[in-house]
Amino acid sequence: MLQLDAVTVRYGNFTAIDRVDISLTHGEITVLLGANGAGKTTLFKTLSGLLRPVSGTIIFDGRDITRSKPTEIVRLGLVHCPEGRKLFPALSVEKNLLLGAYVHARDKAGVQRALEEVYSLFPILRDKAQDEAGSLSGGQQQMVAIGRALMARPRLLLLDEPSLGLAPLVVKQMFEVIARINASGTTVLLAEQNAYGALKIAHKAYILEQGRIILQGDPQKLLADDRVRRAYIGI
């Protein structure tokens, strides 16, 4: 579904992503692990068209999107839920959600169906639909951020650090929700530092370090790898 071949991204003279190769299969959850500064967010911004690679190619569902604009990429079904939620705190929960559907704004019935699906996935958001997004807890705000991305009807959903800053119980619930989203037919690329939770739900995993893929393969094998356990799980 998504193929990255030798993708390189630079900020001036600094190479943030160095000849990265990644392959995503339709219907799977692929996890991208890495510490802060490893290049996960840079890679996601590149996939969503916010940054341009200096070399390499990005193919999404058979189409070259290496130089495509962000709006074109969203319309194709590749949707980015950014790190840090990036909500509009003074707007209501429902208005934040509806902003995610701007590429489908003319399909009012479809937008309403998508909104109902988000409320079914996150029932608490229906109760808080008219509350200001900034008044919600961190976990609830993350629900709004994911819900907003789902309003764009993604075929491939990029989730950047969805567990960041959340309480352990909420983190567990968040990973369960991601698994449900995937089970409904959405392919997921998940960037995380929480190796244990992410690898438990993944079908495939890559480990990014200083802009390079250093390990990849079966999540359960990586979970048992001493290098991974020392670096990301603390065992």
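Before reading on, note that the structure itself is shown above.
We now turn to the structure provided with this report. (Residues numbered from 1 in each chain as written. Predicted model: local features only at pLDDT ≥ 70, side-chain atom pairs only at ≥ 80, totals over all residues. Heavy atoms only, no water.)

### Observations regarding the environment of aspartate 5
Secondary-structure assignment places aspartate 5 in strand 1 (residues 2–11). The sequence separation of aspartate 5 and isoleucine 58 amounts to 53 residues, and the corresponding C-alpha distance is 6.6 Å. For aspartate 5, the contacting residues outside a window of four places in its chain are Val20, Asp21, Gly56 and Thr57. (Helix = DSSP H or I, 4+ residues; strand = E, 2+ residues; numbered from the N terminus. Contact = heavy atoms within 4.5 Å.)

### Some details on the sheet that holds strand 4 (residues 55–60)
A sheet is described by the order of its strands in space; here four strands give the open sequence 2-1-4-5, paired in antiparallel fashion. At either margin of the open sheet sits one strand with a lone partner, and together these are strand 2 (14–24) and strand 5 (63–64). When strand 1 meets strand 2, the two strands line up antiparallel, connected through seven bridges. Residue pairing across strands places tyrosine 11 opposite phenylalanine 14, the latter belonging to strand 2. The strands that helix 1 (residues 40–47) touches are strand 1, strand 2 and strand 4; relative to strand 1, the one it contacts most, it runs at about 115°. (Pairing = 2+ DSSP bridges. Axes fitted to C-alpha atoms, helices over the stretch in contact; angles between N-to-C directions.)

### Here's the deal with the pattern of salt bridges
Following the criterion strictly, the structure yields seven salt bridges and no others. The residue arginine 126 makes a salt bridge to glutamate 116 at a minimum N-O spacing of 3.1 Å. One end of the pair, arginine 126, is in helix 5 (residues 123–127); the other, glutamate 116, is in helix 4 (residues 108–121), with ten residues separating them in the sequence. Since its relative accessible area comes to 32%, glutamate 116 is described here as partly exposed. (Salt bridge = Lys/Arg side-chain N within 4 Å of Asp/Glu carboxyl O. Buried < 20%, exposed > 50% of the residue type's maximum accessible area, 1.4 Å probe, protein only.)

### As for the nonpolar core
In terms of nonpolar packing, the biggest core is built from 53 residues, with Leu125 and Leu190 touching the most fellow members. The residues touching leucine 190, leaving out its near neighbours within four places in the chain, are Thr30, Val31, Leu32, Phe44, Leu159, Pro162, Phe175, Ile178, Ala198 and Ile201. Among the nonpolar cores identified, the runner-up in size contains 24 residues, and Leu4, Leu32, Ile65 and Ile73 belong to it. (Core = buried A, V, L, I, M, F, W, Y, C linked by side-chain atoms within 4.5 Å.)

### Some thoughts on a nonpolar patch on the surface
On the surface, Phe88, Leu91 and Leu99 cluster together into a nonpolar patch covering about 250 Å² of accessible area. Counting through the fold element by element, leucine 91 comes out in the loop between strand 6 (78–81) and helix 3 (93–99). (Patch = residues over 30% accessible without salt bridge, like charges linked within 9 Å, V, L, I, M, F, W, Y side chains within 5 Å. Areas by Shrake-Rupley, 256 points an atom, 1.4 Å probe, with all protein chains shown as cover.)

### Considering the pairing of strand 7 (residues 156–160)
The element strand 7 is extensively covered by neighbouring structure, given that five of its five residues are classed as buried. Alternating positions in strand 7 separate into two faces, Leu156, Leu158 and Asp160 on one and Leu157 and Leu159 on the other, with burial throughout. Pairing of strand 6 with strand 7, which is carried by four bridges, proceeds in the parallel orientation. From the neighbouring strand, valine 79 faces strand 7, where its bridge partner is leucine 157.

### Focus: the pairing of strand 10 (residues 212–217)
Bridge count between strand 9 (residues 204–209) and strand 10: five bridges; the pairing is antiparallel. By the bridge assignment for strand 10, tyrosine 206 is matched with glutamine 216. What sits between strand 9 and strand 10 in their antiparallel hairpin is a turn of two residues, with glutamine 210 showing a positive phi close to 50°.

### Quick notes on the packing of helix 6 (residues 138–150) against helix 7 (residues 168–183)
A pair of packed helices is captured by two measures, namely the crossing angle of their axes and the spacing between those axes. Two elements in contact, helix 6 and helix 7, have axes separated by 11 Å at closest approach and are oriented at 15°. Relative to helix 7, the element helix 6 is oriented roughly parallel. Here helix 6 runs over helix 7; the crossing is right-handed. In contact with Gly139, Gln142, Ile146 and Leu150 of helix 6, helix 7 contributes Val170, Met174 and Ile181. Looking at the contact of helix 6 with helix 7 residue by residue, the class counts come to five nonpolar, two polar and no charged. (Parallel < 35°, antiparallel > 145°, perpendicular 65-115°, else oblique. Left-handed = near helix turned anticlockwise from the far one by under 90°. Nonpolar A, V, L, I, M, F, W, Y, C, P; charged D, E, K, R; others polar.)

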